[in-house]
Amino acid sequence: MSLPTLRSLRSMTGFARAAGALDGYDWAWELKAVNGKGCDVRFRLPHGCEALELPAKKLITASVARGNIQVTLALGGPALTAVPVINHAALAAVVEAANAASVQANGLRPASVGELLALRGVLDMAAPASSQDHASLRPEAAILATLSEALDQLNAVRVGEGQALQDVLTAHIDQIAALHERAVAEPSRSPEALQARLQSQLGRITGAVSDADLQFDPDRIHQELALLATRADISEELDRLAAHCEAARALLSSAEPVGRRLDFLAQEFNREANTLCSKSHSSGLTEIGLELKVVIDQFREQALNIE
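Just so it is clear, the structure is predicted and the values come from calculations on it, not from any experiment. (Residues numbered from 1 in each chain as written. Predicted model: local features only at pLDDT ≥ 70, side-chain atom pairs only at ≥ 80, totals over all residues. Heavy atoms only, no water.)

What about the overall build of the protein chain?
- Within the protein chain, the secondary structure is distributed over nine helices and six strands.
- The long-range share in the protein chain, meaning contacts at least 24 apart out of those at least 6 apart in sequence, stands at 81%.
- Looking at the protein chain as shown, the accessible area adds up to about 17200 Å², and 56% of this sits on carbon and sulfur atoms. (Helix = DSSP H or I, 4+ residues; strand = E, 2+ residues; numbered from the N terminus. Contact = heavy atoms within 4.5 Å. Areas by Shrake-Rupley, 256 points an atom, 1.4 Å probe, with all protein chains shown as cover.)

Some points on the nonpolar core
- If you look at the biggest cluster of nonpolar residues, it comprises 29 residues, and the most contacted ones within it are I176, L262, F269, L292 and F299.
- Contributions of two or more residues to this core are made by α4 (140-184), α7 (235-252), α8 (259-279) and α9 (283-303).
- Apart from the residues lying within four places of it in its own chain, the contact partners of F269 are I176, L241, H244, C245, A248, I296 and F299.
- Within the second largest apolar cluster, 24 residues are counted, among which are L31, V41, F43 and L73. (Core = buried A, V, L, I, M, F, W, Y, C linked by side-chain atoms within 4.5 Å. Buried < 20%, exposed > 50% of the residue type's maximum accessible area, 1.4 Å probe, protein only.)

Some words on the pattern of salt bridges
- Throughout the structure, instances matching the rule amount to twelve salt bridges.
- Here E30 and R17 are joined by a salt bridge, their closest N and O atoms 3.3 Å apart. Linking E30 in strand β2 (residues 25-34) with R17 in strand β1 (residues 14-22), this pair joins segments that are 13 residues apart in sequence.
- You can call E30 partly exposed: its relative accessible area is 33%.
- E307 is the partner of R158 in a salt bridge, and the nearest nitrogen-oxygen pair spans 2.6 Å. Taken together, the residues R158 in helix α4 and E307 in the segment after α9 connect sequence positions 149 residues apart. Pair check on accessibility: R158 and E307 agree, each one buried.
- Taken together, the shared-partner salt bridges in this structure form one network comprising E236, E237, R240, E272 and K279. (Salt bridge = Lys/Arg side-chain N within 4 Å of Asp/Glu carboxyl O.)

Notes on the packing of α4 against α9
- The N-to-C vectors of α4 and α9 enclose an angle of 165°; their axes lie 10 Å apart at closest approach. Judged by the inter-axis angle, α4 sits roughly antiparallel to α9. Pair α4 / α9 crosses with left-handed handedness. Packed against α4, whose contacting residues are L165, V168, L169, H172, I173, Q175, I176, L179, R182 and A183, the element α9 presents L285, E287, I288, E291, L292, V295, I296, Q298, F299, Q302 and A303 at the interface.
- For the contact of α4 with α9, a count of residues per class yields 14 nonpolar, four polar and three charged. (Axes fitted to C-alpha atoms, helices over the stretch in contact; angles between N-to-C directions. Parallel < 35°, antiparallel > 145°, perpendicular 65-115°, else oblique. Left-handed = near helix turned anticlockwise from the far one by under 90°. Nonpolar A, V, L, I, M, F, W, Y, C, P; charged D, E, K, R; others polar.)

Quick word on unusual backbone geometry
- For D23, which is not glycine, the phi torsion reads 55° and is therefore positive.
- Among the structural elements, D23 can be located in the loop between β1 and β2.
- Residue class for D23 comes out exposed when judged on its relative accessible area of 60%.

A few points about α8
- Taking 1.5 Å per residue as the helical rise, α8 with its 21 residues ought to reach 30 Å, and the 31 Å between its terminal C-alpha atoms agrees with that figure.
- Looking only at α8, the buried set comprises G259, L262, D263, L265, A266, E268, F269, E272, A273 and L276. (Expected span 1.5 Å × (residues − 1).)

So, the environment of C49
- Along the polypeptide, C49 turns up in the loop between β3 (39-44) and α1 (53-63).
- By relative accessible area, which is 3% here, C49 ends up buried.
- Separated by 91 residues in sequence, C49 and E140 have C-alpha atoms that sit 9.1 Å apart.

A look at the confidence of the model for the protein chain
- Looking at the protein chain as a whole, the pLDDT averages 81, with 76% of positions reaching at least 70.
- The low-confidence segment residues 1-6 (pLDDT under 50) makes eleven contacts with residues lying over four places distant or belonging to another chain.
- Predicted confidence for residues 129-137 stays below pLDDT 50, and this span has 14 contacts to residues more than four positions away or in other chains. (pLDDT = per-residue confidence, 0-100.)

Considerations on the packing of aromatic side chains
- Taken as a whole, this structure holds one aromatic pair when the rule is applied.
- Their ring planes at 80° and their centres at 5.8 Å tell us that F269 and F299 sit as a pair that is edge-to-face. Of this pair, F269 sits in helix α8 while F299 sits in helix α9, and the two are 30 residues apart along the sequence. As far as the burial class goes, F269 and F299 line up, both buried. (Phe/Tyr/Trp six-rings, centres within 6.5 Å; stacked < 30°, edge-to-face > 60°.)

Topic: the pairing of β3
- Where β3 lies against strand β4 (residues 67-76), six bridges are found, and the strand directions are parallel. Opposite R42, over in β4, you have Q70 as the bridge partner.
- This β-α-β element, β3 to α1 to β4, shows left-handed connectivity. (Pairing = 2+ DSSP bridges. Right-handed = clockwise from strand over helix to strand, strands pointing away.)

Considering the sheet that holds β1
- Judged by pairing direction, the sheet is mixed, and its four strands sit side by side in the order β1-β2-β4-β3 without closing on themselves. The two strands at the open ends of the sheet, each matched to only one other strand, are β1 and β3. Shown here is a sheet whose adjacent strand axes are inclined to one another by a mean of 15°, direction ignored.
- Where β2 lies against β4, nine bridges are found, and the strand directions are antiparallel. Within the sheet, the bridge partner assigned to W29 lies in β4 and is L73.

Below, the structure is given as structure tokens:
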């Protein structure tokens, strides 16, 4: 099994079970997948089935890019059922001893067949020859084919969950984009608002000193205004936020596993939100920055479930 050319977004969680039977054997595969940084496959196989681990792992890793996968195989059937075997020599000796005892003890009831078979060493349960770790006697190809069925079921579950996650993540991106537009339109970013803020600060300073004739150099005021505008400028952060939104939408429509890249992109989102908050000089921008951080945290939490 190989990765399909086109595929939907998939989560890393899911459960699947598939069973089969052939030539006196019956078996069942169970697959349980949870989140993981890479692809970690762990097996629980019956004794004597260790040879199945390598081909089974190749099947799984060809179909699953990320996630911790617990794989369990249950094997049974008539071919593995123990059969009763009578030790005829022991039975003959016991019967002879029982007859002798019956003759010597007048009136002693003869032993029943069940009582004779219950004696130790007369009847044993022996496993069939096909259970003695002879891998060639087991239908391995059919067992692995059933594993492929279980993998198809698992991936169908993961695709279903991935589609739901895609809707959630898209909604988060829409929220980030809306907050970006609010930040772009925030009135406190205008040069007029910055100049008014500086003039207000200068007014408070001049009102606090005793010398009424204190004057400020207009050139110095312009320099401070330019410095304030430079420090408060968040244009680059807003441009990167817009670019990150487009990148996130592209990843959600990608045919490749994108979980790692979405996690990295969430970190970039958070970095821009932090910078916006640190540069904020108004309550409006600070509120937008905090809302961004909340939505980005929700986005990253959901992105961690994506393969």
